Amino acid sequence: MCMKYIIRLLLLFVILPAFSLNCANNEPRRDDKQEVLRVVKSEEPMLHDTLFFKSAKLIPLETTTDCLIRKIDKIFVVDDKMIIFDDRLDAVYIYDSTGKFITRIGTRGQGPKEYIQITDIYVDVDKKEILLLCDRPYKIMFFNLDGKFIREFNTKKYYEGFSQIGDTILCVPSEYEEKRNIDIYTVSGEFQETMWVDSDVQTYRMDNQSTTYSFSSGSTMSGFRDEVLFTYSYVPYIYAYRNGNITIKYQLDFGDLWIPSNLLNKRTPANELQQICMKEGYKIVLENMMETSDFLLLNTNNSFIVYDKTTNRCTEYFSIIHSETGIGMPRFIPIPNSNHIAQAIEANRFLRMLEDRKKINVQYGIANSIDIEKYGIKIDDNPLVILYELP
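Quick caveat: nothing in here was measured; it's all calculated off a predicted structure.

Visitor: Mind laying out the overall build of the chain, listing which residues take part and the relevant values?
Guide: Within the chain one finds six helices and 32 strands. Of all 391 residues assigned to the chain, the portion counted as buried reaches 53%. Here the analysis covers contacts within the chain between residues at least 6 apart in sequence; of these, 58% occur between residues at least 24 apart. When the accessible surface of the chain is summed, it comes to about 17,400 Å², and 46% of that surface belongs to carbon and sulfur atoms.

Visitor: Outline the confidence of the model for the chain, supporting the account with residue identities and numerical values.
Guide: With 81% of its residues at a pLDDT of 70 or more, the chain shows a mean pLDDT of 84. Predicted confidence for residues 5-26 stays below pLDDT 50, and this span has 65 contacts to residues more than four positions away or in other chains. pLDDT under 50 marks residues 199-213. Its contacts with residues more than four places away, or in other chains, come to 49 contacts.

Visitor: Any details on the nonpolar core? Residues and values, ideally.
Guide: Among the nonpolar cores identified, the biggest contains 51 residues, and Ile238, Leu252, Ile259, Leu297 and Ile341 are the most heavily contacted of them. Excluding residues that lie within four positions of it along the chain, Leu252 makes contacts with Leu37, Val39, Pro236, Ile238, Leu286, Leu298 and Ile305. If you look at the next biggest cluster of nonpolar residues, it comprises 30 residues, including Val92, Ile121, Leu131 and Leu132.

Visitor: How would you explain the environment of Gly99 if you had to name every residue and give the values?
Guide: Mapped onto the fold, Gly99 is located in the loop between strand E7 (91-96) and strand E8 (101-105). Separated by 38 residues in sequence, Gly99 and Leu61 place their C-alpha atoms 4.5 Å apart.

Visitor: Report on empty space enclosed by the protein, specifying residues and quantitative values.
Guide: Inspection of the entire model under this criterion finds two cavities of 30 Å³ or more. In this structure, the largest cavity occupies an estimated 90 Å³ of space. Around the largest cavity, the lining comprises 13 residues; the ones closest to its centre are Lys74, Phe76, Ser219, Met221 and Pro336. At the level of secondary structure, the elements contributing two or more residues to the lining of the largest cavity comprise strand E5 (74-78), strand E20 (221-223) and strand E30 (333-335).

Visitor: Now, about the side chain of Asp308: what can you tell me, with residues and values included?
Guide: One can find Asp308 in strand E26 (residues 304-308). Of the side chains with opposite charge, Arg313 lies nearest to the buried Asp308, which makes no salt bridge, at 8.2 Å. Asp308 has contacts with Asp294, Phe295 and Arg313, leaving out every residue within four places of it along the chain.

Visitor: Requested: an account of the pattern of salt bridges, with residues and values cited.
Guide: The tally for this structure, following the rule as stated, stands at 16 salt bridges. Between Arg225 and Asp126 there is a salt bridge, with its nearest N and O atoms 3.1 Å apart. Here the residue Arg225 occupies a position in the loop between E20 and strand E21 (228-230), and Asp126 occupies one in the loop between strand E11 (117-124) and strand E12 (129-135), the gap between them amounting to 99 residues. The closest approach of N and O atoms between Arg242 and Glu227, which form a salt bridge, is 3.6 Å. Here the residue Arg242 occupies a position in strand E22 (residues 237-242), and Glu227 occupies one in the loop between E20 and E21, the gap between them amounting to 15 residues. Classification of Arg242 as partly exposed rests on a relative accessible area of 36%. Linked through salt bridges whose partners overlap, the residues forming this network are Asp226, Glu227, Arg242, Lys249, Glu291 and Lys309.

Visitor: So what's going on with the packing of aromatic side chains? Residues and values would help.
Guide: Aromatic rings in a pair are described by how distant their centres are and how their planes are angled relative to each other. For the structure on display, the rule yields 20 aromatic pairs. Taken together, a centroid distance of 6.3 Å and an interplanar angle of 80° make the contact between Tyr237 and Tyr239 edge-to-face. An identical accessibility class is assigned to Tyr237 and Tyr239; each is buried. Judged by centre distance (5.8 Å) and plane angle (20°), the ring pair of Phe254 and Trp258 falls under stacked. The exposure classification of Phe254 matches that of Trp258, with both residues buried.

Visitor: Explain the sheet that holds E12 to me, using residue names and the numbers behind them.
Guide: Hydrogen bonds between backbone groups are what pair the strands of a sheet, and the pairing can be parallel or antiparallel. Across the sheet, four strands lie side by side as E11-E12-E13-E14; this open sheet has antiparallel pairing. One side of each edge strand has no neighbouring strand; the edge strands of this open sheet are E11 and strand E14 (149-154). Strand-to-strand twist in this sheet, taken as the mean axis angle between neighbours without regard to direction, amounts to 20°. Bridge analysis of E12 against strand E13 (residues 139-144) gives six bridges, and the strand direction is antiparallel. Bridging across to E13, Glu129 finds its partner in Asn144.

Visitor: Which residues make up the pairing of strand E24 (residues 286-291), and what values go with them?
Guide: Burial analysis of E24 places six of its six residues in the buried class, which makes it a mostly covered element. Where E24 meets strand E25 (residues 295-300), four bridges bridge the pair, whose relative direction is antiparallel. Across the sheet, residue Glu291 finds its bridge partner in E25, namely Leu296. The antiparallel pairing of E24 with E25 creates a hairpin that spans three residues between the two strands.

Visitor: A description of the sheet that holds E7 should follow, citing residues and the corresponding values.
Guide: If you walk across this open sheet you meet the four strands as E5-E6-E7-E8, and the pairing is antiparallel. In this open sheet, the two edge strands, each paired with only one partner strand, are E5 and E8. Taken over all neighbouring pairs, the strand axes of this sheet differ in orientation by 20° on average, direction set aside. The pairing of E7 with E8 spans four bridges and is classified as antiparallel. Within E8, the position partnered with Ile94 by the bridge is Thr103.

Thresholds, definitions, all that
- Residues numbered from 1 in each chain as written.
- Predicted model: local features only at pLDDT ≥ 70, side-chain atom pairs only at ≥ 80, totals over all residues.
- Heavy atoms only, no water.
- Helix = DSSP H or I, 4+ residues; strand = E, 2+ residues; numbered from the N terminus.
- Buried < 20%, exposed > 50% of the residue type's maximum accessible area, 1.4 Å probe, protein only.
- Contact = heavy atoms within 4.5 Å.
- Areas by Shrake-Rupley, 256 points an atom, 1.4 Å probe, with all protein chains shown as cover.
- pLDDT = per-residue confidence, 0-100.
- Core = buried A, V, L, I, M, F, W, Y, C linked by side-chain atoms within 4.5 Å.
- 1 Å grid on protein atoms, 1.4 Å probe; cavity = no way out; pocket = protein on both sides within 12 Å on 5 of 7 lines; lining within 4 Å.
- Points joined across faces, edges and corners; volume = space filled by probe spheres on them.
- Lys, Arg positive; Asp, Glu negative; His and termini not counted.
- Salt bridge = Lys/Arg side-chain N within 4 Å of Asp/Glu carboxyl O.
- Phe/Tyr/Trp six-rings, centres within 6.5 Å; stacked < 30°, edge-to-face > 60°.
- Pairing = 2+ DSSP bridges.
- Axes fitted to C-alpha atoms, helices over the stretch in contact; angles between N-to-C directions.

Here it is in structure tokens:
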């Protein structure tokens, strides 16, 4: 099994951080503007897109033998192009804004200008460069928006995620490691330093190590022009890297619904922990952060959160409803350095959910709101993208 799935799916360590924010100089300080966000459940668990977003656009992605997508993990939008990362197939595709396929990036192999596996991607919208974080060999590759290779440099070890801010690249080691830190490189490939996120991590090994499960299925790092936001499992903090410093920017308060520390201290087997969290509704991870001047959006393992900075209200929803089709999904994909987020849905699931909505939820007007034939959607087509414009 490849390293990224061993690391992402084998939950060999449950990491319980004990923060003592003032006891060590290399620990993150609280931002002067750090806020504790008290999360309140919405009276209406479904957030209808027309009540919040400026617009919603349904985009079927062209399917050809050169672009067969299994799952969309990341989307970037620049110059009327969509850059799409399929983590399961280690593939990066470029589409135009209408969903027409343009090209696929990169060549498989172990030599220069080649990769075996892709761990993560990032797009520098200002320099118009696509960055690939690669495993075997460990390196970062740069391509232009036409998919042409520019340059590459080797990294010193495996990283499970990365982002860029200006001329700085932040690389995140796996949570498999006992200490949480970020390695800093320049865009030219020079290693700068290791920044420790916390120095007093206690590591708890599960009793049943054969059980595999990951609570995180999204992105725990989001890079923007002026800062990078990132999170860790089991910690209700959103960290920020800005101007060479790591701070705790937000703390989310879910009351009794954040996972109790005693469940981690008991080294609860992963399958039991999963069942307990599902039954009790516990939050265990923050991910998919998208921030603008007025809003912070994110996912937990079981909900969708909207923090309205203008009203200082942080609201939890069960799902986002796409009004045109009546289909609801909680998870979204942030599109950094834009005013959009996206949702992706497999074609077969889309058709099945649409048919279900026609039968059980005629109040959404599903039967007449979308013309399936117009899009030519088939059960084995590539996923569809729903692009939402933020207010």
